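# A structural walkthrough
If you want the building blocks of each chain, they are given just below.
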Amino acid sequence: MSFILFHTPRSRSLRPLWLLEEMGLDYALKTIGYDAEYFASDAYRQINPMGKVPAFYDGDHLVLESTVILQYILAKHGPSSFGVEPEEGDFAFYLTWLHMAESGLSHYLAVYLGQKMGVEKYAVSKGYETYVKYQAEKAFEMQDEHLAQRSFIASDRFTAADISVGYSLFLANALCGLSLPHRVQAYFERLQDRPAWKKAVAIE
């Protein structure tokens with residue numbers, strides 16, 4: 001196995017790390033503490049030209065973006081119960097939340113967290129907090145309504161969409177301090193009970 005994952009604790013690289021643990025795949029983990037200067041260096045840009053984590057290598061092939069890495073791993077090692085196939089009824093909803101958890105939620109929350117931490121490059125207007133909460137509340141409302149009839153995001157089982165959403169909820173709740181609707185909170189707590197999540201999030 002030639003998988004290598006470059007990981008920073010509590011960051012988006014938790015998504016692929018969590019899936020790798022759930023699937024029991026062999027991989028090498030390169031853990032890097034958050035270091036803006038190192039991420040901007042030529043040395044790290046040779047690993048990931050964007051200067052971010054995660055960076056995922058399958059041999060010589062570089063894959064970027066946490067949700068894309070999830071989809072890549074499943075494509076290489078599927079079919080798997082952690083993916084949803086096109087012929088399944090929830091395929092569209094699965095793909096929606098696999099990626100919207102990042103583009104429609106984590107994207108906003110990460111900038112908000114950076115601003116709260118005083119990271120200059122993340123500085124935006126003072127009204128951004130209101131905007132982030134508005135975007136998050138829309139996503140949480142959609143999730144809360146959906147979970148009224150389900151335990152998981154799609155196909156009545158735990159999938160990569162739950163991993164994608166689960167990290168976004170971790171970012172919103174544990175890191176940004178935003179409250180979650182009752183059903184979403186209960187769902188998030190169920191996800192945190194999974195051994196693979198506990199192992200991934202404990203890595204420092």
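Our structure's up above, just so we're on the same page.
Everything in this summary refers to the structure shown in the same document. The structure presented is a predicted model; accordingly, all values stated were derived computationally and were not measured.

Basis of the calculations
Residues numbered from 1 in each chain as written. Predicted model: local features only at pLDDT ≥ 70, side-chain atom pairs only at ≥ 80, totals over all residues. Heavy atoms only, no water. 1 Å grid on protein atoms, 1.4 Å probe; cavity = no way out; pocket = protein on both sides within 12 Å on 5 of 7 lines; lining within 4 Å. Points joined across faces, edges and corners; volume = space filled by probe spheres on them. Helix = DSSP H or I, 4+ residues; strand = E, 2+ residues; numbered from the N terminus. Nonpolar A, V, L, I, M, F, W, Y, C, P; charged D, E, K, R; others polar. Contact = heavy atoms within 4.5 Å. Axes fitted to C-alpha atoms, helices over the stretch in contact; angles between N-to-C directions.

## Digging into the layout of surface pockets
Space inside the second largest pocket adds up to approximately 180 Å³. Surrounding the second largest pocket, 14 residues form its lining, Gln71, Leu74, Val84, Glu85 and Tyr94 being those nearest its centre. Top contributing element to the lining of the second largest pocket by residue count: helix H5 (residues 91–116), with four residues. Residue composition of the lining of the second largest pocket, by class: nine nonpolar, four polar and one charged.

## Focus: the environment of valine 201
Within the secondary structure, valine 201 is located in helix H9 (residues 195–202). Through-space distance from the C-alpha of valine 201 to that of glycine 33 is 14 Å; in sequence the pair is 168 residues apart. If we ignore the near neighbours within four places in the chain, the residues touching valine 201 are Leu14 and Phe170.

## A word on the packing of helix H4 (residues 66–77) against H5
Remark: H4 packs on H5, axes separated minimally by 8 Å, with the N-to-C direction vectors making an angle of 145°. Of H5, the residues touching H4 (which contributes Ser66, Thr67, Val68, Leu70, Gln71 and Leu74) are Tyr94, Leu95, Leu98, His99 and Glu102. Classifying every residue of the contact of H4 with H5 by side-chain character gives six nonpolar, four polar and one charged.

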